[in-house]
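# Topology and contacts: notes
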Amino acid sequence: TKSPVTVTVTGAAGQIGYALLFRIASGALLGPDTPVKLNMLEIPQGVKAAEGTAMELNDCAFPLLQEINIFDDPNQAFEGANVGLLVGARPRTKGMERADLLAANGGIFGPQGKAINDHAADDIRVLVVGNPANTNALIAASAAPDVPASRFTAMMRLDHNRAIAQLAEKVGAPVADIKKMAVWGNHSADQYPDVSYATVAGKPAADLVDAAWLDEYFVPTVAKRGAAIIEARGASSAASAANAAIDHVYNWVNGTPEGDWVTAGVASDGSYGVPEGLVFGFPCTSNGGEWEIVQGLEISDATRAGIERNIKALEEERDAVRELGVL
Ligand code: NAX
């Protein structure tokens, strides 16, 4: 077995946290040979519930789980962290202005970024799940000048998985037959799920579905899936979000399969005309260490329009947090 990896989960007492922690402890996040030390971060009101979850984690007697610690101080929670899953965020409440939401989250992700900068291990890898995830990742990265910006990523994997599931259902193929899905941009209704490069059992997906289905059903269904889940379940996506977080980190650390890629929200290096620094959903591969944006894809007019819409949306979010002084 390998040496233990310290994983810090924020918002540990929330519903995604509850779906996530047991899978991390079981070995699904890092693999079956990697022991885990779990650091759970909550706000003071969440600590008691986190303690209850820790009791249940103990009761699972997971062979890989070496330690559980609960904190309400980010500096302690990120001490020595190798992986940070930033799930806890300030949700938008009724009547809340967007600027207030961005400011409240700046007040969370700024200090957490600084705590990561000052206390995390040198190989720290961060996935931001809490919304607005892309901009929260940007805020955390900018508060951590000593950590490469490439180590701060945002979760676009749920959107990616949703897109695969919708296409699989439409063409009647198993999900395992679908490769090279992409979701460009922001984890919001602006996102652009794109089958341009996708294959189904090796055949181009674009040959199996028509343009009207893509524009009128596929894109809006994937982009608005979160709202549909809330409508049906009376609560937002939790287990599927936790699953996507597991997928993202697993592929980041262990690599993506040969001949395929996944979608990750990563700091743009200017690829595909996306301004440098914006945390943007791109098709990415990992060699088991760093994300790399897939290069050289031909961009259709529809994809270009989708990318541009997301650049605009993310620049607006970035400018708004700059104005608030959190960036
Ligand atoms: P919950 O409200 O169930 O849990 C959030 C938890 O975070 C609470 O226990 C709260 O006490 C804690 N928290 C709040 N501020 C904190 C802080 N400063 N430090 C540590 N903990 C803090 O929300 P849940 O359903 O778990 O969702 C968490 C976040 O994920 C939300 O922002 C949600 O919008 C976002 N999502 C992102 C998705 C994505 O694909 N990127 C999809 C699912 C989800 O909607």
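Small disclaimer: the values here were computed from a predicted structure and weren't measured.

### Re the overall build of the protein
When you go through the protein residue by residue, the secondary structure sums to 10 helices and 14 strands. Here the protein has a C-alpha radius of gyration of 19 Å; the compact-globule value for 327 residues is 20 Å, and the two agree. Its C-alpha atoms put the protein at 50 × 45 × 40 Å along the principal axes. For the protein, the proportion of its 327 residues judged to be buried stands at 47%.

### Focus: the environment of Ala-176
Structurally, the position occupied by Ala-176 is in the loop between α6 (157-171) and β7 (178-179). Remark: the alpha-carbon pair of Ala-176 and Phe-152, spanning 24 residues in sequence, is separated by 28 Å.

### Describing the domain arrangement of the protein
Split into domains, the protein comes out as domain 1 (5-154) and domain 2 (157-317). A C-alpha centroid distance of 23 Å is found between domain 1 and domain 2. Between domain 1 and domain 2, the contact holds 28 residues from the first and 26 residues from the second. Those elements giving two or more residues to the side of domain 1 that touches domain 2 turn out to be α1 (15-26), β4 (83-86), β5 (125-128), α5 (133-142) and β6 (152-154). It is α5 that contributes the most residues to the side of domain 1 that touches domain 2, six residues altogether.

### Side note on unusual backbone geometry
Look at the link from Asn-131 to Pro-132: it is a cis peptide, with omega at -5°. Positioned with a positive phi, Ala-61 is a non-glycine residue whose angle comes to about 50°. You can see Ala-61 is positioned in the loop between α2 (47-59) and β3 (65-71). The phi dihedral of Ala-201 falls on the positive side, at around 50°, and the residue is not glycine. Among the structural elements, Ala-201 can be located in the loop between β10 (199-200) and β11 (203-204). Its 12 C-beta neighbours within 10 Å are what place Ala-201 among the exposed residues.

### Focus: the pairing of β3
In the case of a regular strand, side chains alternate between the two sheet surfaces. One ladder, built from six bridges, connects strand β2 (residues 36-41) with β3; its direction is parallel. Counted as the bridge partner of Leu-41 is Phe-71 from β3. Of the crossover connections in this fold, the one passing from β2 over α2 to the parallel β3 is right-handed.

### A closer look at the confidence of the model for the protein
Per-chain confidence: the protein averages 97 in pLDDT, with 100% of residues scoring 70 or above. The least confident element of the protein, judged by mean pLDDT, is helix α4 (residues 98-119) at 94; the most confident is strand β13 (residues 279-286) at 99.

### A look at the UniProt feature "active site" (unreviewed entry) in the protein
In the numbering adopted here, UniProt assigns the feature "active site" (unreviewed entry) to His-187. The class of His-187 is buried, set by 27 C-beta atoms lying within 10 Å. Residues in contact with His-187, not counting those within four places in the same chain, are Asn-131, Ala-133, Asn-134, Ala-154, Met-155, Met-156, Asp-159 and Gly-265.

### Quick look at the sheet that holds β11
The strand order across the open sheet built from three strands is β7-β10-β11, with neighbouring strands paired in antiparallel fashion. At either margin of the open sheet sits one strand with a lone partner, and together these are β7 and β11. Relative to β10, β7 runs antiparallel, the two being bridged by two bridges. Residue pairing in the sheet places Ile-178 in a bridge with Val-200 of β10.

### As for the site of the ligand
If you check the shell around the ligand, you find 28 residues, and the closest are Gly-11, Gly-14, Ile-16, Gly-88 and Ala-89. A class-by-class count of the residues in the shell around the ligand yields 14 nonpolar, 13 polar and one charged.

### Here we look at the nonpolar core
Membership of the largest hydrophobic core comes to 97 residues, with the highest contact counts inside it found for Val-128, Val-129, Ala-140 and Ala-245. The element that contributes the greatest number of residues to this core is helix α9 (residues 239-254), accounting for seven residues. For this core, the domains that each give at least three residues are domain 1 (5-154) and domain 2 (157-317). The residues contacting Ala-245, other than those within four sequence positions of it, are Leu-20, Leu-85, Leu-127, Val-129 and Met-155.

### Topic: α9
For α9, spanning 16 residues, the distance from its first C-alpha to its last is 22 Å, which sits close to the expected 22 Å at 1.5 Å a residue. Turning to α9, its buried residues are Ala-241, Ala-242, Ala-244, Ala-245, Ile-246, His-248, Val-249, Asn-251 and Trp-252. Downstream of α9 by a residue or two, Gly-255 has a phi angle that is positive, lying close to 95°.

Analysis parameters
- Residues numbered from 1 in each chain as written.
- Predicted model: local features only at pLDDT ≥ 70, side-chain atom pairs only at ≥ 80, totals over all residues.
- Helix = DSSP H or I, 4+ residues; strand = E, 2+ residues; numbered from the N terminus.
- Rg over C-alpha atoms; globule rule 2.2 N^0.38 Å.
- Buried ≥ 20, exposed ≤ 12 C-beta atoms within 10 Å, placed from the backbone.
- Domains from an automatic or database assignment.
- Contact = placed C-beta atoms within 7 Å.
- Pairing = 2+ DSSP bridges.
- Right-handed = clockwise from strand over helix to strand, strands pointing away.
- pLDDT = per-residue confidence, 0-100.
- UniProt positions renumbered as here; feature names shortened; annotations may be inferred.
- Near = placed C-beta within 6 Å.
- Nonpolar A, V, L, I, M, F, W, Y, C, P; charged D, E, K, R; others polar.
- Core = buried A, V, L, I, M, F, W, Y, C linked by C-beta atoms within 7 Å.
- Expected span 1.5 Å × (residues − 1).

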